[in-house]
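Given next are the chains, with one letter for each unit.
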Amino acid sequence: MTQTLEIHESAPGDLQQIESLYPKAFPDEDLLPLVRALLAEANGVLSLTAMLDTAIVGHAIFTECGIAGSSRRAALLGPLCVLPGRQRQGIGGALVRAGLERLKTAGEDWVFVLGDPAYYGRFGFGADGRVTPPYPLPAAYIDAWQSLNLQGRPQMPEGSLSVPLPWRDEALWSA
């Protein structure tokens, strides 16, 4: 029997399965406080689950942000995780593509991510020097700060990414 991957917006009843993914996918990082805080936000968070049958095997969060001094709409991708036994099967990519499509339809101008350029580059993300993250990044992470222009706007504004409270922990940007 072939399982079909389905991408859905998460529901409150998914929390236990979502929380079980992160320690498995990131055994050396405790992302649960961030995930819980983001999922508790009333607005501005797109939480997507990847399901095979009734099991959640992947999760992605896209958070609405702003760019200081600009009215342009932006979002931050992260965290993204896939159950270790299901990695390298296109699940993470399906979550990213589904989130980007939803954000584009909703009118978001840009999406930012702090992640592996080789991975996120396949979705069109590229190095970003105009919009800075909310905290200085370690030198090793400079190339990991990337953006994607969703609407084909001619020029990205300059400024700092304004993030909601759950993202205002400097340790999230330096670890």
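The following paragraphs examine the structure supplied in this document. Please read these numbers as outputs of a predicted model, since none were measured by experiment.

## Notes on the pairing of strand E2 (residues 45-52)
Among the eight residues in E2, seven count as buried, and that is most of the element. With five bridges joining them, strand E1 (residues 5-9) and E2 adopt antiparallel strand pairing. In the strand pairing of E2, Glu-6 is matched with Met-51. In this sheet, strand E3 (residues 55-67) lies alongside E2 in antiparallel orientation, the contact comprising eight bridges. Within E3, the residue paired with Val-45 across the bridge is Thr-63.

## Side note on the packing of helix H1 (residues 15-25) against helix H2 (residues 32-40)
Here H1 crosses H2 at 150°, and the two axes come no closer than 10 Å. The orientation of H1 relative to H2 falls into the category roughly antiparallel. The two elements H1 and H2 cross, and the hand of that crossing is right-handed. Contacts between H1 and H2 involve Leu-15, Ile-18, Glu-19, Tyr-22 and Pro-23 on the former and, on the latter, Leu-32, Val-35, Arg-36 and Leu-39. Here the residues of the contact of H1 with H2 sort into seven nonpolar, no polar and two charged.

Reading guide: rules and limits
- Residues numbered from 1 in each chain as written.
- Predicted model: local features only at pLDDT ≥ 70, side-chain atom pairs only at ≥ 80, totals over all residues.
- Heavy atoms only, no water.
- Buried < 20%, exposed > 50% of the residue type's maximum accessible area, 1.4 Å probe, protein only.
- Helix = DSSP H or I, 4+ residues; strand = E, 2+ residues; numbered from the N terminus.
- Pairing = 2+ DSSP bridges.
- Axes fitted to C-alpha atoms, helices over the stretch in contact; angles between N-to-C directions.
- Parallel < 35°, antiparallel > 145°, perpendicular 65-115°, else oblique.
- Left-handed = near helix turned anticlockwise from the far one by under 90°.
- Contact = heavy atoms within 4.5 Å.
- Nonpolar A, V, L, I, M, F, W, Y, C, P; charged D, E, K, R; others polar.

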